[in-house]
Amino acid sequence: MSSRMAGSLLLRHAGTRLFTAGAVSPTAAARPALLAGGADGGVPAVIVRLMSTSSSSPASAAAAAASQAKDEAAKAAKDGGDKKAVVINSYWGIEQNNKLMREDGTEWKWTCFRPWETYTADTSIDLTRHHEPKTMLDKIAYWTVKSLRFPTDVFFQRRYGCRAMMLETVAAVPGMVGGMLLHLRSLRRFEQSGGWIRALLEEAENERMHLMTFMEVAKPRWYERALVITVQGVFFNAYFLGYLLSPKFAHRVVGYLEEEAIHSYTEYLKDLEAGKIENVPAPAIAIDYWRLPANATLKDVVTVVRADEAHHRDVNHFASDIHCQGMQLKESPAPIGYH
């Protein structure tokens, strides 16, 4: 094939790409007429085509995509304060309701508890009630608790915020252990629990909310956190074993622990009233959980927590008395919601 024929064939195939207006990129079409090759005689379209090839390259396309993503991210960040977080519904049909409202019309912000789990504490309960240890088992339980108070007094002294934090990490264990063991017993024996599983787990949750509240008041130091881990590890296993051997003894121990808690919170209130401890505003979580007034203080929080402990005292002494009479807990209806 001659060189003239080869050149003619090449021109035929490439001509439409180099010289037709349809081959000009949108970027080139948007340039001034001088560069776009208008009717008055500008730069030929082939030069425009050659100049605009860089804008249609993969690197240029990637840069444009990155710029667009950056603009969208900036816009989302700007509007983020006004938009609510998107709630992703599960493939399995589980929906999250994050639009719960308070009675005053404001949005409920807590996910750790819901409005229907809140309550007004009964502060009229008798705080002086005491179970006199009569049997040998009662005396062992009583002096076991008294022996635990001594190292606590030495370590915390009158730092009642940290003392309360430690107390609640221990007090939240028995209800969970007792409820768990009753739950397993119910499964093994195909029997009802009389509501005691729920009552004990309710107690554990209430004590845990005490802890969440005092975490806002007293910031624990690293060695106090380490002590919590140690005490919880020892106490959980000891109480678990004790409940397996004698539920009567285990509930009596908790009853006396709650009596000591009432004493500790009473001393806490005395220091608050005397001005030795600053009566700071109540944490927001406490205001919502106990339905306290908006201007509630730490003194109000300690008052309602002490009332809760008095109710737990009664529940556990009652449970121990049931066992002392040779009965099972399921034979007596549980005081659900008693706190």
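Our structure is the block above this text.
A brief look at the structure comes next. (Residues numbered from 1 in each chain as written. Predicted model: local features only at pLDDT ≥ 70, side-chain atom pairs only at ≥ 80, totals over all residues. Heavy atoms only, no water.)

## Details of a nonpolar patch on the surface
Going by this rule: Exposure above 30% relative accessible area and no salt bridge define the residues that can form patches, which grow by joining like charges within 9 Å and nonpolar side chains of Val, Leu, Ile, Met, Phe, Trp and Tyr within 5 Å. A 1.4 Å probe and the Shrake-Rupley method give the accessible areas. Residues count as covered only by the protein chains that appear here. Any carboxyl oxygen of Asp or Glu that lies within 4 Å of a side-chain nitrogen of Lys or Arg is treated as forming a salt bridge with it. Counting from the N terminus, the helices are DSSP H or I runs at least four residues long and the strands are E runs at least two residues long.
On the surface, Met180, Leu184, Leu187 and Phe236 cluster together into a nonpolar patch covering about 330 Å² of accessible area. When residues in the nonpolar patch are grouped by element, the largest group, three residues, is from helix H7 (residues 160-189). Checked against the element boundaries, phenylalanine 236 lands in helix H9 (residues 222-245).

## Overview of the side chain of threonine 297
The following threshold applies: A 3.5 Å cut-off defines polar contacts: any pair of N or O atoms within that distance qualifies, except that in protein one atom must be a possible hydrogen donor and the other a possible acceptor, and neighbouring residues in sequence count only when both atoms are side-chain atoms. In this description, contact between two residues means that some pair of their heavy atoms is separated by no more than 4.5 Å.
Inspection of the secondary structure assignment puts threonine 297 in the loop between helix H11 (284-289) and helix H12 (298-324). Engagement of the side chain of threonine 297 in a polar contact is seen with the side chain of asparagine 279, the distance being 3.2 Å. With sequence-adjacent residues up to four places away left out, threonine 297 is seen in contact with Asn279, Val280, Pro281 and Ala282.

## Section: the packing of H7 against H9
Angle between the axes and distance between the axes are the two parameters that describe a pair of packed helices. Put simply, the rule is: Angles run from 0 to 180 degrees between N-to-C directions of axes, and those axes are lines fitted to C-alpha atoms, restricted for helices to the stretch in contact. Note on terminology: angles under 35 degrees are roughly parallel, angles over 145 are roughly antiparallel, angles of 65 to 115 are roughly perpendicular, and the others are oblique. Should the near helix be turned counterclockwise from the far one by less than a right angle, the crossing is left-handed, whereas a clockwise turn marks it as right-handed. Under this grouping Gly is polar, as are all residues other than the nonpolar Ala, Val, Leu, Ile, Met, Phe, Trp, Tyr, Cys and Pro and the charged Asp, Glu, Lys and Arg.
Running from amino to carboxyl end, H7 crosses H9 at an angle of 30 degrees, the nearest separation of the two axes being 9 Å. Put simply, H7 runs roughly parallel to H9. Handedness of the crossing formed by H7 with H9: right-handed. Only Glu224, Leu227, Val228, Val231, Gln232, Phe235, Phe236, Tyr239, Phe240, Tyr243 and Leu244 of H9 make contact with H7, whose side of the interface consists of Cys162, Met165, Met166, Thr169, Val170, Val173, Pro174, Val177, Gly178, Met180, Leu181 and Leu182. Broken down by class, the residue content of the contact of H7 with H9 amounts to 19 nonpolar, three polar and one charged.

## A few points about the packing of aromatic side chains
The following threshold applies: Note on aromatic contacts: the rings of Phe and Tyr and the six-membered ring of Trp form a pair at centre separations within 6.5 Å, being stacked when their planes are under 30 degrees apart, edge-to-face when over 60 apart, and tilted otherwise. Exposure is judged per residue with a 1.4 Å probe applied to protein chains only, and the accessible area is read against the type maximum: over 50% gives exposed, under 20% gives buried, and values in between give partly exposed.
Under the defined criterion, the tally for this structure stands at 13 aromatic pairs. A ring pair is formed by tyrosine 119 and tyrosine 289, whose centres lie 5.5 Å apart and whose planes are at 80 degrees; its orientation type is edge-to-face. Pair noted here: tyrosine 119 is in the loop between helix H5 (58-79) and helix H6 (136-156) and tyrosine 289 is in helix H11, with a separation of 170 residues, a long-range link. By relative accessible area, which is 4% here, tyrosine 289 ends up buried. Each ring, one from tyrosine 142 and one from tyrosine 256, has its centre 5.2 Å from the other, and the planes form 75 degrees; the classification is edge-to-face. With tyrosine 142 in helix H6 and tyrosine 256 in helix H10 (residues 247-274), this residue pair connects regions lying 114 residues apart in the sequence. Assessed through its relative accessible area of 19%, tyrosine 142 is described here as buried.

## Topic: the pattern of salt bridges
Enumeration over the complete set of coordinates arrives at 12 salt bridges. Taking the shortest distance from any N to any O, the salt bridge between glutamate 260 and lysine 146 comes out at 2.9 Å. In this pair, glutamate 260 is assigned in helix H10 and lysine 146 in helix H6, connecting sequence segments 114 residues apart. For glutamate 260, a relative accessible area of 14% puts it in the buried group. Notably, a salt bridge pairs arginine 208 with glutamate 205, separated by 2.8 Å at the nearest N-O pair. In this pair, arginine 208 and glutamate 205 both sit in helix H8 (residues 196-217), three residues apart, roughly one turn of the helix. Classification of arginine 208 as partly exposed rests on a relative accessible area of 30%. The exposure class assigned to glutamate 205 is partly exposed, which follows from its relative accessible area of 31%. Within the structure, one salt-bridge network assembled from shared partners comprises Arg129, Arg313 and Asp314.

## Comments concerning the packing of H8 against H10
Two numbers describe how H8 lies on H10: the axes approach to 15 Å, and their chain directions differ by 30 degrees. Between H8 and H10, the angle is such that the two are roughly parallel. The handedness of the crossing between H8 and H10 is left-handed. Between H8, through Leu200, Glu203, Glu207, Phe214 and Val217, and H10, the contact on the second element is made entirely by His251, Val254, Glu258, Tyr265 and Tyr268.

## Comments concerning empty space enclosed by the protein
To be explicit about the condition: Cavities and pockets are found on a 1 Å grid laid over the protein atoms alone: a cavity is a set of points where a 1.4 Å probe fits but cannot escape, a pocket is an open set with protein on both sides within 12 Å along at least five of seven lines, and a lining residue has an atom within 4 Å of such a point. Grid points are joined across faces, edges and corners, and a volume is the space filled by probe spheres set on the points.
Counted under the stated rule, the structure contains three cavities of 30 Å³ or more. Space inside the second largest cavity adds up to approximately 50 Å³. Every residue along the wall of the second largest cavity is listed here: Leu167, Val170, Ala171, Pro174, Val254, Leu257, Glu258 and Ala261. Contributions of two or more residues to the lining of the second largest cavity are made by H7 and H10. A class-by-class count of the residues in the lining of the second largest cavity yields seven nonpolar, no polar and one charged.

## Quick look at the side chain of serine 264
Following the sequence through the fold, serine 264 ends up in helix H10. Residue serine 264 is classed as buried on the basis of its relative accessible area of 11%. Apart from the residues lying within four places of it in its own chain, the contact partners of serine 264 are Tyr160 and Arg163.

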